[in-house]
Amino acid sequence: MAAVNAWGWSARSLLLLLIATMSFSIRLFSVVKYESVIHEFDPYFNYRVTQFLTKNGFYNMWDWFDDRTWYPLGRVIGGTVYPGLIYTAGLMYQLLHFFNIPVHVQEVCVFTAPLFSAFCSLAAYGLVSECWDTGAGLAAAALIGMVPSYISRSVAGSYDNEGVAIFALVFTFYTFIKTVNSGSLRWGTINLLAYFYMVLSWGGYSFVINLIPIYCLACVVTGRLTARHYLAFAPLVFVGTLLAASIPVVGFNAVMMSEHFASFLVAAVMHAALAVRWVKALLPPRQFEYATRLVLLGGACGLAGLVLMMLGYVLRSPTFGWTGRSLTLLDPTYASRFVPIIASVSEHQPPSWPSYITDLHFAALLAPAGIMAAFRKLDNGSLFLVLYGITAVYFSGVMVRLMLVLAPAVCCLSGVAISDILTTLTSSLKAGYVSFQKSQRTSATGEASEDGGASTSDEPATPTPSKTPSGRKSKSGKPASSSDDKSSRTIYNSLFGWLSSESNPLPAPVAALGLLLMLGLMALYTIHCVGVSADMYSAPSIVLQSHRQDGSFYVFDDFREAYAWLRHNTHPETKVASWWDYGYQTTAMANRTVIVDNNTWNTSHIATVGRAMSSPEAKAWRIYRSLDVEYVFVVFGGMIGYSSDDINKFLWMVRIGGGVYPEIKEQDYIGEGGQYRIDSGASPTMLKSLMYKLSYHDFAPAAQRQFGMNGYDRVRNTQIGKTEVPLKYFEEVFTSEHWMMRIYRVRDQPNRDAAKPASRGGAKRKAARA
Amino acid sequence: MSRLCTVLVLAACLVASAAAADFVVENASRRINLKNTWAKAIDTLKAKNTGGSDLSNFVVCYPESIASRIAVLKVLIKKEKQEVAPLQQAPQGAPAGVSCYQATFKSTVKKGATVDLDVVATVTGVFKPNPAKIAQGEKQYVEYYDNLYLLSPYEVTEQSSTVLLPTSDVRSFSPQDGGSKSGSKVSYAALGKQGPWAVQQLKVHFHHDKPFKRVNSLVREIEVSHWGNIYVEETYEIQNAGSQHTGKFSRLTYAHSPDGKTNSFPDVKAHLPAAAHSLYYKDIIGNISSSDTTHTSRETLIEVRLRYPLMGGWKTDFTLGYSVPLEGFLYRRPKGKLRLLMDLSTSFDDVWVEQLTTRVVLPEGAKHIKATLPFADIQQSWDKKFTYLDTAGRPVLVLSKSNVVPEQNKPFAVDYSFTFTGMMREPLLLISVFAAFFAAVALYNRLDFTITRDEKWQEGQAHDKALGLIQSLTEYWDREADVLDRLVRLAHSISNRPSADAAPASRQALEAELRPLDEQSKALLSQVEALSPKLAAAARNHGDKSKVLLGRAAKLLSDKSDLIKKDVAAHEASAKLAGATRQLEEAIREWVDEGAKLAQG
């Protein structure tokens, strides 16, 4: 027995090691196909803060006031970031450099997310092993290691909070269940630290602090509350909240925001339930009844008062004490109605059905089976899995981004399902094989074998460990074999025996077919995940590739070309304006001050930029001059067919601008057919807007040379409405090779005729700076 | 110290002034080549020793504006280089703003003899753009200033000056007198006899059609690894040093107009060693995705395309790195010494480097380091670098030099000694760290960190030991289970009289297998008894059960044999005993399960 255990332990360790390696390496497609570079938008901010951290130390980061962004307001970095990711990478960097391993900060940042994905699959193994068994744990670890939804946010280079936060989430759950199962204070402390790390890492911690109370409430309601639940939950609520409040970005939100109220409420309920139980144990039944009545009456009054107070508090704030993003969770239509900035981000849209299949593949189908399995053996762990699965499904339906929270849940449940199915199938096959052997043996001696498929007897002398399912059954469920009505049982078995999970095996061919099918599905899943990882989620989005005829790649590196130009050929104190999407990239790659960036905390500031882009040239010029802006750039895809350019985002600039400045009316920009268009059917306001002019300045003749059609826009697949686009207040100073980035200088004075909006002070300011 | 200096300088002045009178330049022909992005002035002189003694020193002078930008100054006699050193102070009688150098001949010039000299000066950054700013597509005009005559402390009998230009588009040249322009050449044929220090400014204002590629700073790091590799990483800041670009930069014009690209350059070309491999080309925001390499047997040609084309005044930076093997760069010298032979500067075409820093990182533990350098004006300093697995740091020799042109990309040598043990240091370090780690873990597992050793702890210890013993008991139980199983099967297999007759014998044989084990198990049990009576009781109980089971199996066997002997058909006999058999099988399985549970505690 001991030998078998040791073998199992080493096999499991080896498997886990392989799974962790696989989780890490499946995320390296971006490095192999592209390069080791930070991806997209937000990661650039995190990268920049990490650079600051490694240069100036941990303490200075808290005090960092960033004057390179939100000019002229600036941003207090220490108080507005979740520092978990940055601290993690910073620590790893310092550790490596302590050992004189000269790794650049960028490499550390690039590989942080894959590394933590590997940790996450280990944590998932722990969680499912606690909730179910180690087999299911292995399956869940393998699934989560390559689930596309998670890969999308944790490929090498995707240096974003989610990269470490999903690990923190799963690990917190694991330690929580471990505490509940073991009742050990040591695990409780680890759980507390894990929760602290989770709060440090991601705003999604509110999911943790809501799910755990829901789970505890369910335990109270279903009467499975024990002291161990209290041991796990109470520190989390009390000390955990204190810890959370010590992080500047959370601060008093930890007690003021409605997101946290559930935990307090459940803590109260839990105390009440435990108190009742205690009193019940103290008092004789009759007195207990009286006491119950008394307390119920008093409690009802007190509760009513409390609820009224809370309602009062909640109603007093316009968002009912919820942040906009959280409110979107409860009311999916909230953002699109009230906050265009939230609505304009694609990851805040509700997901479509295909995205569930792309992101979860067959795990999405197996998860319900996992829920069913968990219900059959409902204990502390499986109840948690079920609740996690169900709440995560709801949240994922609201926002694409929260698919990320769903993915681990689905993987854990699918792990349970896969493990159960495989156990059933393999044990059926084995039982079939044994009975086949037996029947051969008996027929050799001329005896009819009388036992049907129902026999479970293995070779008596081999105490095999593969009897876990039946073993578990007999442990947790009712005694299976004693004193049934034999005949009814045989009939039942013959009809539905294969349905029940008791050790009634399937017919061997069915089991073999099922096993093949399962293996096929898992192979498909793997192929799908690898494909998705390689093709869909690995593009860094600052470098684009296209296939050439001969199979090689053509690289469009325009973003970095333009940012490098800004970095080297403009004055270091220059202010650069662009749409907020490019704010983080500009500060990180060009090291220039920007007006707005991806931390969309000030709507009116963003609206000002939106307004400038939507206004005619002269007015936009005045707005930019008033903001001290010297350079404006737009992203333009018309030359090479890059569709997420600023013209396609223009709708949001108009809406956000119009939300604050009523003179911008969306109606004015809508051309024929009620659409935003830039062709001959475009509205005159659109053709006069700065965005149109900056995008299409000089474009028509270039398109003529390129495509043989004057002013042909490849993205919109049409000829632009106005081909002559002269500029009077702006001057083209740089356009990247494929025209994707167009940088303009805001002129000191308008071109030639300085008659109309005379340059008051503008020139002087410029001269003073020079 | 300072007094000594003054004395030396005074002495030098005396020598110089003495020398001044002793040569007469009989013929001087100046050729100033401005075709490249730097100037190269070649003065071909015929000098006669008119003094009273043999001479071995000759003084050459330049206006300060040029002298301060001289990258290379060579004085050649019959193509043989002579030693040249700057003079601290200009000779007597020199006009203001003149810097002089003194050449020391290898062989003296006899009294009255003549010598043919070539004085070659390569001068960078002497073109002054005028107009200083031009728009895209406009031509770049630059001015060049020099002395029309040979600036010399000696009398010049006959001289001529020629300026070679890159284009024939010359806006102006002065002085006009005596000069003539033909094609891309401005020449002053017969300038006649001039006394010492003849000064007249020469100015040429012309169209220069080549972009001025200036590397503002270059840091080369050469890291030697004795495991077979030399890493070279070069970090450049490069700028277009021509006329400033002003106003609009139109991509349309740049891409499609014939003169849209004038005064700009999109790339630079480097000639790396043929053995270069693992090339990379990047800047601080990532790879620069555009470069072309061509490998030939003699060199690796890399065409480094910059992030964006550099218009006048624009700059950018990048890092180029590659590796070369040790062969061909590191040589063994006598007495266990090693010599590293690398190029000093960049291998880019048409660029000049304002500030060059070459860092040679030698392996940790290298000693007796000595550099042999091709130029006297290279500054040496020392640094330390910590990289992979370093504890004491690697010695870094830092060489710095300003104003370097491609012809100065000469090899330099670094001699040092490095032992085999030094090379094995890092692997040994790794091995010992891992060994220490494993040892620590092994030790930890064998140490006992219990704080209190009360009864409970004692019990726990005894229990653990007893469990270990019981686990060895399971071997015996396994054998018993095996025997039981075989007995049951034996019962199954009895189908005729002979086999029934043989049954008791086979049973005894099987039981006999167990007998020797009995003693051992008893001994084990008594040990368990001493440690944990509770476990011992359970184990004994378990053992007793096996005896009962053996008895039941024996009974089953004898029942079956009896039935067969009574001529009952085999299948009927089996049917009759089916109940008993199943019960026995069930009991055996339970017994085995119980044993497993016991062994796990």
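Residues numbered from 1 in each chain as written. Chains lettered and ligands numbered in written order. Predicted model: local features only at pLDDT ≥ 70, side-chain atom pairs only at ≥ 80, totals over all residues. Heavy atoms only, no water.

**As for the overall build of chain B**
Right, so step 1: When helices and strands are counted, chain B shows eight helices and 32 strands.
Right, so step 2: Against the globule reference of 25 Å for 601 residues, chain B gives a C-alpha radius of gyration of 48 Å, more extended than a compact globule.
Right, so step 3: Projecting the C-alpha coordinates of chain B onto the three principal axes gives extents of approximately 150 × 65 × 50 Å.
Right, so step 4: For chain B, the proportion of its 601 residues judged to be buried stands at 47%.
Right, so step 5: The contacts of chain B with a sequence gap of at least 6 include a subset with a gap of at least 24, amounting to 77%.
Right, so step 6: If you sum the accessible surface of chain B, you get close to 29,400 Å²; carbon and sulfur atoms cover 54% of it.
Right, so step 7: In chain B, 74 side chains carry a positive charge and 67 a negative one; their mean positions are 6 Å apart. (Helix = DSSP H or I, 4+ residues; strand = E, 2+ residues; numbered from the N terminus. Rg over C-alpha atoms; globule rule 2.2 N^0.38 Å. Buried < 20%, exposed > 50% of the residue type's maximum accessible area, 1.4 Å probe, protein only. Contact = heavy atoms within 4.5 Å. Areas by Shrake-Rupley, 256 points an atom, 1.4 Å probe, with all protein chains shown as cover. Lys, Arg positive; Asp, Glu negative; His and termini not counted. Charge placed at Lys NZ, Arg CZ, Asp CG, Glu CD.)

**Describing the state of the cysteines**
Right, so step 1: Across all of its chains, the model carries one disulfide over all chains by this definition.
Right, so step 2: Shown here is the disulfide that connects B:C61 with B:C100, its sulfur atoms set 2.0 Å apart. Here the disulfide of B:C61 and B:C100 is right-handed, its torsion about the S-S bond being about 105 degrees. Note that B:C61 is positioned in strand 3 (residues 55-63) and B:C100 in strand 6 (residues 98-109), a separation of 39 residues in sequence.
Right, so step 3: By relative accessible area, B:C61 is classed as buried at 5%.
Right, so step 4: A residue is classified by how much of its surface remains accessible, and B:C100, at 3% relative accessible area, is buried.
Right, so step 5: Left without a disulfide partner, A:C120 is nearest to the cysteine sulfur of A:C412, which lies 8.4 Å away.
Right, so step 6: Looking at the unpaired A:C131, the closest cysteine sulfur is the one in A:C412, lying at 7.4 Å.
Right, so step 7: Exposure remark for A:C131: the relative accessible area of 1% places this residue in the buried category. (Disulfide = S-S within 2.5 Å.)

**Focus: the environment of A:A409**
Residue and element names in this part refer to chain A.
Right, so step 1: Relative to the assigned elements, A409 resides in helix 22 (residues 403-444).
Right, so step 2: For A409, a relative accessible area of 0% translates into the label buried.
Right, so step 3: Spatially, the C-alpha atom of A409 lies 18 Å from that of C216, the residues being 193 residues apart in sequence.
Right, so step 4: Ignoring sequence-local partners within four residues, the contact set of A409 consists of Y388, G389 and A392.

**Here we look at the nonpolar core**
Right, so step 1: The biggest cluster of nonpolar side chains holds 262 residues, and the ones touching the most others in it are A:Y624, A:F730 and B:F318.
Right, so step 2: Examining the composition of this core, we find that 14 residues originate from one element, helix 22 of chain A, more than from any other.
Right, so step 3: When near neighbours in sequence (up to four residues on either side) are disregarded, B:F318 contacts B:E234, B:T235, B:Y236, B:I238, B:V268, B:Y281, B:K282, B:D283, B:I288, B:V304, B:L306 and B:F348.
Right, so step 4: Among the nonpolar cores identified, the runner-up in size contains 62 residues, and B:A71, B:V115, B:A198 and B:V204 belong to it. (Core = buried A, V, L, I, M, F, W, Y, C linked by side-chain atoms within 4.5 Å.)

**Some words on the domain arrangement of chain B**
Right, so step 1: Once the domains are mapped, chain B shows domain 1 (23-207), domain 2 (215-418) and domain 3 (455-599).
Right, so step 2: The C-alpha centroid of domain 3 of chain B is placed 82 Å from the C-alpha centroid of domain 2 of chain B. (Domains from an automatic or database assignment.)

**Let's talk about the pattern of salt bridges**
Note on pairing: side chains with opposite charge can pair once their charged atoms come close.
Residues and elements named next belong to chain B.
Right, so step 1: Under the definition given, this model contains 61 salt bridges over all chains.
Right, so step 2: In this structure, R30 engages D43 in a salt bridge whose closest nitrogen and oxygen atoms are separated by 3.2 Å. Pair noted here: R30 is in strand 1 (residues 23-33) and D43 is in strand 2 (residues 39-49), with a separation of 13 residues, a long-range link.
Right, so step 3: According to the relative accessible area criterion, R30 is buried, its value standing at 2%.
Right, so step 4: In this structure, E234 engages R220 in a salt bridge whose closest nitrogen and oxygen atoms are separated by 2.9 Å. Within this pair, whereas E234 is found in strand 18 (residues 229-240), its partner R220 is found in strand 17 (residues 213-225), the two being separated by 14 residues in sequence.
Right, so step 5: For E234, a relative accessible area of 1% translates into the label buried.
Right, so step 6: By relative accessible area, R220 is classed as buried at 2%.
Right, so step 7: Each of E221, E223, R359, D383, K385, D390, R394 and E426 takes part in a single network of salt bridges with overlapping partners. (Salt bridge = Lys/Arg side-chain N within 4 Å of Asp/Glu carboxyl O.)

**Side note on the interface of chain B and chain A**
You'll often see interface size given as the accessible area lost when the parts meet.
Right, so step 1: With 45 residues of chain B at the contact, the number on the chain A side is 46 residues.
Right, so step 2: The three residues of chain B that bury the most area against chain A are B:R251, B:L252 and B:I285, which together make up 17% of that side's buried surface.
Right, so step 3: On inspection of chain B and its partner chain A, the count reaches five salt bridges.
Right, so step 4: Between B:R307 and A:D557 there is a salt bridge, and its shortest N-O distance comes to 3.1 Å.
Right, so step 5: Looking at the side of chain B that touches chain A, the elements with two or more residues in it are helix 3 (251-256), strand 22 (286-287), strand 24 (299-310), strand 25 (315-324), helix 5 (455-493) and helix 8 (570-600) of chain B.
Right, so step 6: With 10 residues, helix 8 of chain B is the single largest residue contributor to the side of chain B that touches chain A. (Buried area = accessible area lost by both parts, 1.4 Å probe.)

**Notes on the sheet that holds strand 6 (residues 593-594) of chain A**
Residues and elements named next belong to chain A.
Right, so step 1: The strand order across the open sheet formed by five strands is 6-5-7-11-10, and the pairing between neighbours is mixed. Both outer strands of the open sheet, strand 6 and strand 10 (730-735), are each paired with one neighbouring strand and no more.
Right, so step 2: Where strand 10 and strand 11 (residues 741-746) come together, five bridges link them in antiparallel fashion. Counted as the bridge partner of E731 is R745 from strand 11. (Pairing = 2+ DSSP bridges.)

**As for a nonpolar patch on the surface**
Right, so step 1: A cluster of nonpolar side chains, namely A:L303, A:L306, A:V307, A:M309, A:L311 and A:L315, defines an oily patch on the protein surface of about 610 Å² accessible area.
Right, so step 2: As for its placement among the helices and strands, A:L315 is situated in helix 15 (residues 285-316). (Patch = residues over 30% accessible without salt bridge, like charges linked within 9 Å, V, L, I, M, F, W, Y side chains within 5 Å.)

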